[in-house]
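# A structural walkthrough
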Amino acid sequence: MAETTATRAGAERSGRAYAPAPGRGGRFGEGLRGYGLIAGMWIRSTMAYRMSFLLATVGNAAITALDFVAIAIMFSHVTALGGFTLPEIALLYGSCSASLGLADLLLGNTDRVGTRIRDGSLDTMLVRPVPLLAQVAADRFALRRLGRIAQGLGVLGWALSVLDVQWTPGRVLLVPVMVVAGAGIFGAVLVAGAAFQFVAGDAAEVQNSFTYGGCTMLQYPPTVFAKDLLRGVTFIVPLAFVNWLPALYVLGRPDPLGLPGWVAYLSPLVAFAVFLPASLAWRAGVRSYRSTGS
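Residues numbered from 1 in each chain as written. Predicted model: local features only at pLDDT ≥ 70, side-chain atom pairs only at ≥ 80, totals over all residues. Heavy atoms only, no water.

## Description of the overall build of the protein
- Looking only at helices and strands, the protein has 13 helices and zero strands in total.
- Of the regular secondary structure in the protein, the N- to C-terminal order runs α-α-α-α-α-α-α-α-α-α-α-α-α.
- Intrachain contacts of the protein at a sequence separation of at least 6 include 77% that bridge at least 24 residues.
- Within the structure as shown, the protein displays about 14,700 Å² of accessible surface, and the carbon and sulfur contribution to it stands at 66%. (Helix = DSSP H or I, 4+ residues; strand = E, 2+ residues; numbered from the N terminus. Contact = heavy atoms within 4.5 Å. Areas by Shrake-Rupley, 256 points an atom, 1.4 Å probe, with all protein chains shown as cover.)

## Let's talk about the nonpolar core
- Core analysis: the largest hydrophobic core is formed by 72 residues, its most contacted members being L91, F186 and W282.
- Among the elements that make up this core, the one with the highest residue count is helix α9 (residues 169–200) (13 residues).
- W282 has contacts with V113, L132, L133, V136, V191, A194, A195 and F198, leaving out every residue within four places of it along the chain. (Core = buried A, V, L, I, M, F, W, Y, C linked by side-chain atoms within 4.5 Å. Buried < 20%, exposed > 50% of the residue type's maximum accessible area, 1.4 Å probe, protein only.)

## Remarks on empty space enclosed by the protein
- Under the defined criterion, the tally for this structure stands at one cavity of 30 Å³ or more.
- For the largest cavity, the full set of lining residues is P222, L230, T234, A240, W244, L245, L248, D255, P256 and L257.
- For the lining of the largest cavity, the element with the most residues is helix α12 (residues 244–251), which contributes three residues.
- Among the residues forming the lining of the largest cavity, the class breakdown is eight nonpolar, one polar and one charged. (1 Å grid on protein atoms, 1.4 Å probe; cavity = no way out; pocket = protein on both sides within 12 Å on 5 of 7 lines; lining within 4 Å. Points joined across faces, edges and corners; volume = space filled by probe spheres on them. Nonpolar A, V, L, I, M, F, W, Y, C, P; charged D, E, K, R; others polar.)

## Digging into helix α10 (residues 204–218)
- Helix length check: α10 (15 residues) gives 20 Å between terminal C-alpha atoms against 21 Å at 1.5 Å per residue, within 8%.
- Considered for burial, the residues of α10 that qualify are A204, Q207, N208, T211, G214, C215, M217 and L218. (Expected span 1.5 Å × (residues − 1).)

## Quick notes on the packing of α9 against α12
- Taken N-terminus to C-terminus, the directions of α9 and α12 make an angle of 160°; their axes are 10 Å apart at the nearest point. Taken together, α9 and α12 sit at an angle that is classed as roughly antiparallel. Our pair here, α9 against α12, has a crossing hand that is left-handed. On α12, the residues that touch R171, L174 and M178 of α9 are P246, A247, Y249 and V250.
- A breakdown of the residues in the contact of α9 with α12 according to their chemical character gives six nonpolar, no polar and one charged. (Axes fitted to C-alpha atoms, helices over the stretch in contact; angles between N-to-C directions. Parallel < 35°, antiparallel > 145°, perpendicular 65-115°, else oblique. Left-handed = near helix turned anticlockwise from the far one by under 90°.)

## Structural notes on unusual backbone geometry
- Its identity is not glycine, yet R140 carries a phi of approximately 55°, on the positive side.
- Topologically, R140 is positioned in the loop between α7 (132–138) and α8 (146–162).

## Quick word on the packing of aromatic side chains
- In total, this model carries seven aromatic pairs according to the counting rule given.
- An angle of 70° between the planes, with centres 5.4 Å apart, marks the rings of F198 and W282 as edge-to-face. Pair noted here: F198 is in helix α9 and W282 is in helix α13 (residues 267–288), with a separation of 84 residues, a long-range link.
- What makes F198 buried here is its relative accessible area of 14%. (Phe/Tyr/Trp six-rings, centres within 6.5 Å; stacked < 30°, edge-to-face > 60°.)

## Let's talk about the pattern of salt bridges
- Summed over the entire model, instances satisfying the criterion amount to four salt bridges.
- Of the charged contacts, one joins E88 and R253 as a salt bridge, the two residues approaching to 3.1 Å between their closest N and O atoms. Of this pair, E88 sits in helix α4 (residues 86–107) while R253 sits in the loop between α12 and α13, and the two are 165 residues apart along the sequence. (Salt bridge = Lys/Arg side-chain N within 4 Å of Asp/Glu carboxyl O.)

## Thoughts on the environment of R287
- Relative to the helices and strands, R287 is located in helix α13.
- Owing to a relative accessible area of 52%, R287 belongs among the exposed residues under this scheme.
- Along the sequence, R287 and F198 sit 89 residues apart, while their C-alpha atoms lie 9.7 Å from each other.

## Overview of a nonpolar patch on the surface
- On the surface, M51, L54, L55 and V58 cluster together to form a nonpolar patch covering roughly 410 Å² of accessible area.
- Note that L54 resides in helix α3 (residues 50–74).
- Classification of L54 by relative accessible area gives partly exposed; the value is 45%. (Patch = residues over 30% accessible without salt bridge, like charges linked within 9 Å, V, L, I, M, F, W, Y side chains within 5 Å.)

Take a look at the structure:
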């Protein structure tokens with residue numbers, strides 16, 4: 001239904017920014033369409049300077065690769081870390097890096113919500129006929145972040161090629177599921193962190209501590225961490241389902257907490273379970289938002 005001047009004026013008088021009602025296609029379909037249009041606009045803008053895009057993508061991959069170079073250098077002095085060899089840690093590193101890169105590509109710009117609240121630019125987004133989350137996530141869509149994904153997949157591919165694993169159909173299927181479900185879990189953390197910024201004003205660093213900080217932790221084997229920490233990232237903030245539990249099953253290693261092997265296949269369900277409260281928190285944050293008046 002077309003939005004009316006009276007509805008918009010009433011929203012402005014109440015001190016809240018106006019957001020149009022969803023169309024017949026539903027908010028989810030409307031959001032996907034809006035996201036695609038905005039992201040496509042930024043992609044076309046990026047590809048207007050293809051050499052700059054190529055250099056930025058390669059540079060992004062090279063910078064993230066330094067983390068694995070540091071791990072490889074460490075293994076020039078030791079043969080195992082927490083009982084894990086370099087290829088086994090490469091499996092953890094590659095899967096986590098690819099998952100975070102995918103989530104960062106699709107939803108990474110949500111960490112700018114606090115900045116938009118302060119400068120008043122969020123008000124402009126709220127009066128557009130596109131769901132706010134789609135606009136925030138797609139704005140300034142950075143295609144150069146493909147570099148992190150490519151680098152992570154490259155390390156993951158090397159690890160899979162050199163590991164001595166008894167491959168079964170279940171283990172083969174679990175590898176791509178691990179990467180995609182891990183991206184979903186990181187995406188839920190990004191949305192929850194963005195929702196928190198409606199309350200905290202600017203908590204991007206708190207958000208990053210669970211995403212980039214969590215990925216750094218997941219690059220190392222769970223056997224080097226205390227069990228209290230393992231319980232926290234398994235049952236409270238379920239980052240262990242990003243790669244630890246699936247990777248342990250692929251490698252045929254027991255879980256330090258004694259969880260059964262079938263738990264490794266719960267990553268997609270966990271991703272959905274954490275995305276649901278994250279989306280509800282986002283809706284609550286948007287409803288509580290008051291215009292800056294600028």
